[in-house]
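The residues making up each chain are set out below.
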Amino acid sequence: MKKIAIIGSGYVGLVSGAGLSEFGNIVCCLDIDKSKIDQLKNGDIPIYEPGLRRLINKNIQKGMLSFSSKISEKIKSAEIIFIAVGTPQSEDGSANLSYVESVANTIGKNLNNYKIVCTKSTVPVGTGSKIEQLIGDVSKSDDFDYVSNPEFLREGAAIDDFIHPDRIIVGAKTNKAFEVMKDVYSPLYINETPMIFTNVETAEMIKYASNAFLATKISFINEIANLCEKLGADVHQVSKGMGLDGRISSKFLHPGPGFGGSCFPKDTEALAYLGRQNNVQLNLINATIKTNINQKLRMFSKVKSILNNDLKGKIISILGLSFKPETDDIRESPASEMIPNLIKSGSIIHAYDPVAIQNFKEAFPGLHYFKTWRECVKGSDLCVILTEWNEFRGIDLKELKKLLKTPYLVDAKNIFSINKLKSEKFIFENVGRKI
Ligand code: NAD
């Protein structure tokens, strides 16, 4: 059992806090955003993540999990400090490390005895040694070990991913640090969850290489899908046929409106930046990024083609604002990319999402938001489906047609069968199947 402080209580910090306390550690989640901590103390969970509330409440009741904004005080009393703050994309594509550096500075100022400083945030290869240096310079002490422990959870399935991970990656320099990390994850260590103990640079690279590879699979199948549309092949059958080959696997071979979210776009860009900085050609990564940008624009073109390029004054209803189902995270979601283009073309936007409306409203205050998908699509000229929420999969096409002003649909997630859409006489577009 270890005493842990987690700095940054966002998607990763909160899930890690809940998960590490479930593993038997005493955890305090910290954040610079006092209102977030107050919310958590009052029992409100600031993000939508299935199963998170239950796990948090359970561990609060057991006295294993708490929240605080007293960062300095909690650093001093912790044995292990996890850094879980954001590393968003800078204008030049690199990862913005200012939040991580600011936390390192605070840790350095409050280093009062031996600690493990462990980064969960996704940081470019080489950041670990910079953080180590920074903490050493500020604290004038080397009484700590630095660990890289990248996180692989998926929003929407984060609790299961954290409690039953495919692997744990630990990068460090000393055996002492490796032993402490085995203790932190002791239920997983006992269960023989694969653990890779390596150096910090390798751990950092494993995270970027993994995300870039998954993003590449998505861009790959999207390009194949675009060709399928022209040639009469069905991309779903193609990915099924490919995926049955164990060397390929069917995961991340789903065609759609391009990848979004808080990780793939920024992490592929950061890796491409790292390649440029080091004069190493990363042609595949750059192509993955370019294909993704094109795929998002392609969805906009599908809307234009159904409406004969006449978008002015047209009411477009958007179903799905989060970047994928089961999350309220809207960062780089297909909707947040498409809507500005629609607005520029003079369209009026009706928007609905089962959980992400509040977050979307903050970014796009001027849209018309609705409480149900039915109200959202009612009277609109065209409906676009951008997130495959189960609620949308259950939509009755006859009802949808009745509610729409004209039966125009862009099904960017292929949730409806082409035959059913045809038999209901929809004018529609999808991804990767010839109409
Ligand atoms: P987030 O934006 O949801 O949360 C970051 C939190 O850090 C915020 O609550 C913010 O207030 C807080 N913060 C910022 N500066 C701080 C400071 N100086 N002191 C204390 N708190 C501070 O971010 P996230 O989605 O949880 O991502 C965190 C990191 O984990 C990123 O590097 C990301 O790439 C990585 N990651 C994210 C996911 C994911 O699915 N979201 C998965 C794996 C890895």
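Fair warning: this is a prediction, and the values are worked out from it, not measured in the lab.

Caption draft 1: Broad picture of the site of the ligand. In the vicinity of the ligand lie 28 residues, with D31, K36, T87, E155 and K266 positioned nearest. Within the backbone of Y11, a nitrogen or oxygen atom sits 3.1 Å from an oxygen atom of the ligand. Residue I32 places a main-chain N or O atom 3.2 Å away from a nitrogen atom belonging to the ligand. Burial of the ligand by the surrounding chains reaches 89%, relative to a free accessible area of 840 Å². Broken down by element, the shell around the ligand gets its largest block of residues, three residues, from helix α5 (residues 98–109).

Caption draft 2: Structural context of the nonpolar core. V303, I318, L319 and L321 are the most contacted members of the largest nonpolar core, which totals 55 residues. Contact partners of L319, with chain neighbours within four places excluded, come to Y352, W373, C376, V377, C383, V384, I385, L386, T387, F392 and I395.

Caption draft 3: Quick peek at empty space enclosed by the protein. Applying the stated rule across the entire model yields two cavities of 30 Å³ or more. Together, T119, S121, T122, V123, Y146, S148, P150, A203, E204 and K207 line the largest cavity. Mapped onto the lining of the largest cavity, the elements with two or more residues apiece are β6 (144–148) and α10 (200–231). Looking at which element gives the most residues to the lining of the largest cavity, the answer is α10, with three residues. Broken down by class, the residue content of the lining of the largest cavity amounts to four nonpolar, four polar and two charged. Forming the boundary of the second largest cavity are P257, K296, M299, P334, E337, M338 and L386. Counting residues per element, the ones that place at least two in the lining of the second largest cavity are α13 (283–306) and α14 (334–344).

Caption draft 4: Local environment of the packing of aromatic side chains. Counted according to the given criterion, the structure contains eight aromatic pairs. Here F259 and F264 contribute two aromatic rings whose centre-to-centre distance is 6.0 Å and whose plane-to-plane angle is 80°, an arrangement assigned as edge-to-face. Relative accessible area serves as the criterion here: at 12%, F264 is assigned to the buried category. Taken together through their ring pairs, the aromatic side chains of F23, F162 and Y185 make up a single cluster. Against the face of F197 rests K182, its NZ or CZ located 5.4 Å from the ring centre.

Caption draft 5: Representation of the sheet that holds strand β9 (residues 315–319). Judged by pairing direction, the sheet is parallel, and its six strands sit side by side in the order β11-β10-β9-β12-β13-β14 without closing on themselves. The open sheet has two edge strands with one neighbour each: β11 (368–369) and β14 (427–429). Relative to strand β10 (residues 348–352), β9 is paired through five bridges, and the arrangement is parallel. From the neighbouring strand, I315 faces β10, where its bridge partner is I348. Contacting β9, β10 and β12 (382–385), α14 crosses the sheet at an angle of about 175° to β9.

Caption draft 6: Highlighting unusual backbone geometry. Despite not being glycine, F252 has its phi angle at roughly 60°, a positive value. By the element assignment, F252 lies in the loop between α11 (235–243) and α12 (264–277). Although it is not a glycine, N309 sits at a positive phi angle of roughly 65°.

Caption draft 7: Expanded view of the pattern of salt bridges. Evaluation of the coordinates by the stated rule reveals 21 salt bridges. A salt bridge links E229 to K302; its shortest N-O distance comes to 3.0 Å. Of this pair, E229 sits in helix α10 while K302 sits in helix α13; the two residues are 73 residues apart in sequence, bridging distant segments of the chain. For the pair E229 and K302, a shared accessibility class is recorded, and that class is buried.

Caption draft 8: Molecular detail of the pairing of strand β2 (residues 26–30). For β2, the buried fraction is high: four of the five residues fall into the buried class. Handedness of the crossover is the feature at issue here: the chain leaves strand β1 (residues 3–7), passes through helix α1 (residues 11–22), returns alongside β2, and the resulting connection is right-handed. Pairing between β2 and strand β3 (residues 65–68): four bridges, direction parallel. Bridging from a neighbouring strand, V27 pairs with L65 of β3.

Caption draft 9: Spatial organisation of the side chain of E49. Assignment of secondary structure puts E49 in the loop between α2 (34–41) and α3 (52–61). As a buried residue without a salt bridge, E49 has its nearest oppositely charged side chain in K324, at a separation of 7.5 Å. A polar contact is formed between the side chain of E49 and the backbone nitrogen of G156, at a distance of 2.9 Å. Side-chain polar atoms of E49 contact the backbone nitrogen of A157, separated by 3.3 Å. In contact with E49, not counting residues within four places along its chain, are V15, R154, E155, G156, A157, A158, I159 and E326.

Caption draft 10: Spatial organisation of the side chain of K266. Mapped onto the fold, K266 is located in helix α12. A distance of 3.3 Å separates polar atoms of two side chains, one belonging to K266 and the other to T87. The contact partners of K266, leaving out residues within four places of it in the chain, are T87, P88, Q89 and T122.

What counts, and where the lines are drawn
Residues numbered from 1 in each chain as written. Predicted model: local features only at pLDDT ≥ 70, side-chain atom pairs only at ≥ 80, totals over all residues. Heavy atoms only, no water. Near = heavy atom within 4 Å. Polar contact = N/O pair within 3.5 Å; in protein donor to acceptor, adjacent residues only side chain to side chain. Areas by Shrake-Rupley, 256 points an atom, 1.4 Å probe, with all protein chains shown as cover. Helix = DSSP H or I, 4+ residues; strand = E, 2+ residues; numbered from the N terminus. Core = buried A, V, L, I, M, F, W, Y, C linked by side-chain atoms within 4.5 Å. Buried < 20%, exposed > 50% of the residue type's maximum accessible area, 1.4 Å probe, protein only. Contact = heavy atoms within 4.5 Å. 1 Å grid on protein atoms, 1.4 Å probe; cavity = no way out; pocket = protein on both sides within 12 Å on 5 of 7 lines; lining within 4 Å. Points joined across faces, edges and corners; volume = space filled by probe spheres on them. Nonpolar A, V, L, I, M, F, W, Y, C, P; charged D, E, K, R; others polar. Phe/Tyr/Trp six-rings, centres within 6.5 Å; stacked < 30°, edge-to-face > 60°. Lys NZ or Arg CZ within 6 Å of the ring centre and 35° of its normal. Pairing = 2+ DSSP bridges. Axes fitted to C-alpha atoms, helices over the stretch in contact; angles between N-to-C directions. Salt bridge = Lys/Arg side-chain N within 4 Å of Asp/Glu carboxyl O. Right-handed = clockwise from strand over helix to strand, strands pointing away. Lys, Arg positive; Asp, Glu negative; His and termini not counted.

It is worth stressing that arrangement in space is one thing and function is another; only the former is reported here.
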